[in-house]
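Given next are the chains, with one letter for each unit.
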Amino acid sequence: MRRWLRPVLSRVVNRVGLSAGPREPEAGGPATFGLLFDIDGVLVRGKTPIPAARKAFQKLVDSRGHFLVPVVFVTNAGNCLRQTKADQLSHILGVPICQDQVMMSHSPLRIFKQFHNKCVLVSGQGPVLDIAKNLGFSNPITIDSLRESYPFLDTVDHTRRPKILPSSATDLPRIDAIVLFGEPIRWETNLQLIIDVLLTGGYPASHHQAASYPHIPVLACNMDLMWMAEAHSPRFGHGTFMVCLENIYKKITGKELKYEVLMGKPSEVTYQYAEYLVRTQKQWAEPIRTLYAIGDNLMTDIYGANLYNRYLTERAPLIGSQALVQAASGVPVVSVSEEEEPSLESVLSFPSATSCRSILVCTGIYNPNSEVPADTSQSVTETVFHGHRDFRLDPALVEPGHIVADVSAAVDLIFQLEGFVQRPHD
């Protein structure tokens, strides 16, 4: 069983603002709802924009390019920095997106400060060192640098085997934790070296120790078994890599691989952090009470939104009462400076949102070649559970609130449900 970490993120002093600045909404009254957009399968397929995406976002901005409602992009991707993803989205959507509107799968790692000063092994692809340091880790080590230090550990590819073994052992510090950002490029190398670290208590060049259990902490981002790119069928995601790692570890040890935390959709911590990003967009006059999560994957987007909605429903009677927050958490309500990131130790209050509604689009993982069902209330649960092993199949959690053709139709539906009328652009 993984250890549930359900941090309730704080209401903090405004640090996050859209690049375009505050504005008066050009709509029928101030918005009390926010939008959480998945990216792959909703806005793009690989590097190819979905036609409905730009159309949808023209409805979400006024004539000056200011957003009419708070928007956060919640992706399970973890192979780049937030600013890089914001630049990509700005180009694709034709509207200005800032990095504070973007949440990568690894973004919640900012609040796990107890690991920031430890030596951590990071696995993934892209600028993993830059990503780790940007998140607050002061001493990250990559799989590539570990392999360079101990080349004799990587032997599956015969052409990469060292001709001569090093004369002396490299003096690397003990690895205290493992951070899985996303699917790596050389799976066999990553699987081997991660297993070595787990079975040696952080000294991968040493002998495997049967007594090294429980193993050092593992923090994993992105549990997607599959994701949608340009191919007609879904492609392997980081969740598939995790299945391999979990089963190799259990086959060798007879024990379950444990996670310190699982991040990325459908984890609650992801939606808690996303709601925090919505709340920190302070130019909105009214508190954001309803979140709409738009996605294409039943096992991540829909499951996660519905799970968070259940969490919010259970918390609803306590929202807004600082006394109850203190009584429930034992943490005094204090201010957080503009330079600080919220941490597990400085949890301040419950979310302002009281519900999170799921909307499924048909441009990605879910039925990419089928028409929208005539009766969208019918069950669309899958016969095979593609979620992570630590999440149970609950039919209610994979039942979308609404099914629409694409993201543009999703925006139209939300405006209709909220009675939100956009004025024509000047």
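Residues numbered from 1 in each chain as written. Predicted model: local features only at pLDDT ≥ 70, side-chain atom pairs only at ≥ 80, totals over all residues. Heavy atoms only, no water.

Going by this rule: UniProt positions are given in the numbering used here, feature names are shortened, and annotations may be inferred rather than shown by experiment.
If you look the chain up in an unreviewed UniProt entry, it shows as Haloacid dehalogenase-like hydrolase domain-containing 5 from Xenopus laevis. Looking at the Sequence similarities (unreviewed entry) heading of the UniProt record, one finds this comment for the chain: "Belongs to the HAD-like hydrolase superfamily."

**Looking at the pattern of salt bridges**
Where we set the bar: The term salt bridge refers to a pairing of a side-chain nitrogen on Lys or Arg with a carboxyl oxygen on Asp or Glu at a separation within 4 Å. By the criteria applied, helices consist of DSSP H or I runs no shorter than four residues and strands consist of E runs no shorter than two, each listed in order from the N terminus. Throughout, exposure labels follow a simple rule: accessible area from a 1.4 Å probe, protein chains only, divided by the maximum for the residue type, with under 20% read as buried, over 50% as exposed, and the rest as partly exposed.
Tallied over the entire structure, the rule returns 17 salt bridges. R147 is the salt-bridge partner of D154, the closest N and O atoms lying 2.7 Å from each other. As a salt-bridge pair, K265 and D301 come within 2.7 Å of each other at their nearest N and O atoms. Placement of K265 in the loop between β12 (261-263) and α7 (268-279) and of D301 in helix α8 (residues 298-315) is noted, with a sequence separation of 36 residues between them. D301 shares its class with K265; the two are buried. Here the salt bridges do not stand alone but share partners, grouping E246, K250, E256, R389 and D390 into one network.

**Regarding the pairing of strand β14 (residues 355-361)**
Which entries qualify depends on this criterion: A pair of strands is labelled paired if DSSP reports no fewer than 2 bridges between them.
Most of β14 sits out of view: 6 of its 7 residues are buried. By the bridge criterion, 6 bridges tie strand β13 (residues 290-295) to β14 in an arrangement that is parallel. Across the sheet, the residue bridging to T290 is S355, located in β14. Across 3 bridges, the pairing between β14 and strand β15 (residues 402-404) is parallel. Bridging across to β15, I359 finds its partner in H402.

**Points about the sheet that holds strand β4 (residues 71-74)**
Let me state the cut-off plainly: Residues are treated as being in contact if the distance between any of their heavy atoms lies within 4.5 Å. Angles here are taken between N-to-C directions and fall from 0 to 180 degrees, while the axes themselves are lines fitted to C-alpha atoms, restricted in helices to the stretch in contact.
Reading across from one edge, β5-β4-β1-β13-β14-β15 is the order of the 6 strands in this open sheet, with parallel pairing throughout. Looking at which strands have only one partner, the edges of the open sheet turn out to be β5 (102-103) and β15. Lying over the sheet, α8 contacts β13 and β14, oriented at roughly 165° with respect to β14.

**Some points on the packing of α7 against α8**
To keep it simple, the criterion reads: Working definition: roughly parallel below 35 degrees, roughly antiparallel above 145 degrees, roughly perpendicular at 65 to 115 degrees, and oblique for all remaining angles. Ten residues, namely Ala, Val, Leu, Ile, Met, Phe, Trp, Tyr, Cys and Pro, are considered nonpolar, four, namely Asp, Glu, Lys and Arg, are considered charged, and the remaining ones, Gly among them, are considered polar.
Where α7 meets α8, the closest approach of the two axes is 9 Å, and the angle between their N-to-C directions is 75°. Classed by the angle they form, the pair α7 and α8 counts as roughly perpendicular. In this structure, α7 contributes E268, Y271, Q272 and E275 to the contact, and α8 contributes T300, D301, G304, A305, L307, Y308 and Y311. Its residues assigned to classes, the contact of α7 with α8 comprises 5 nonpolar, 3 polar and 3 charged.

**A look at the side chain of T290**
Residue position: T290 is located in strand β13. Those residues in contact with T290 that lie beyond four places of it in its chain are T32, F33, G34, S355, R357 and E418.

**Things to note about helix α6 (residues 238-253)**
Residues three or four positions apart in an α-helix share a direction because the helix packs 3.6 residues into each turn. The cut-off we apply is this: How far a helix is expected to stretch is found by multiplying one less than its residue total by 1.5 Å.
Across its 16 residues, α6 extends 22 Å between first and last C-alpha, which sits within 8% of the 22 Å expected from 1.5 Å per residue. A positive phi of about 80° marks G254, the residue just after α6.

**Some points on the environment of F181**
Assignment of secondary structure puts F181 in the loop between β8 (177-180) and α5 (187-199). On the basis of relative accessibility, which here comes to 0%, the residue F181 falls in the buried class. Along the primary structure F181 and H238 are separated by 57 residues, whereas in three dimensions their C-alpha atoms are 8.5 Å apart.

**Observations concerning unusual backbone geometry**
Keep in mind that most residues, glycine aside, have a negative phi and that most peptide bonds are trans. Note the cis peptide between K265 and P266, where omega equals 15°. With a phi angle near 70°, N222 is a residue other than glycine that sits in the positive phi range. Looking at where N222 falls in the secondary structure, it is placed in the loop between β9 (218-221) and β10 (226-227).

**Side note on the sheet that holds β9**
Pairing in this open sheet of 5 strands is parallel, and the strands run β7-β6-β8-β9-β12 from one edge to the other. The sheet terminates laterally at β7 (139-142) and β12, the two strands that pair on one side only. Shown here is a sheet whose adjacent strand axes are inclined to one another by a mean of 20°, direction ignored. Note: β9 against β12, 3 bridges, orientation parallel. Residue A220 lies in a different strand from β12, and its bridge partner there is L262. Most of the contacts of helix α3 (residues 128-135) go to β7, to which it runs at about 160°, and overall it touches β6 (119-123) and β7.

**Looking at the nonpolar core**
Under the convention used in this document: We define the nonpolar core as a collection of buried residues of types Ala, Val, Leu, Ile, Met, Phe, Trp, Tyr and Cys that are connected through side-chain atoms lying within 4.5 Å of one another.
Of all hydrophobic cores here, the largest spans 43 residues; its most connected members are F37, L43, F57, L60, F73 and I294. Within the residue set of this core, elements represented by two or more residues are β1 (33-37), α1 (51-58), β4, α2 (82-93), β13, β14 and α10 (407-418). Element by element, the count of residues in this core is highest for α10, at 6 residues.

**A short note on the packing of aromatic side chains**
Applied cut-off: Aromatic pairing here means that ring centres of Phe, Tyr or Trp (its six-membered ring) are within 6.5 Å. Orientation follows from the plane angle: under 30 degrees is stacked, over 60 is edge-to-face, and everything else is tilted.
Taken as a whole and judged by the stated rule, the model has 15 aromatic pairs. For the ring pair Y150 and F152, a centre distance of 6.1 Å and an interplane angle of 70° mean the geometry is edge-to-face. The class for F152 is partly exposed, based on a relative accessible area of 31%. Summarising the aromatic geometry, the rings of Y303 and F391 are spaced 5.8 Å apart at their centres and angled 80° between planes, so their arrangement reads as edge-to-face. Taken as a pair, Y303 in helix α8 and F391 in the loop between β14 and β15 lie far apart in primary sequence, 88 residues in all.

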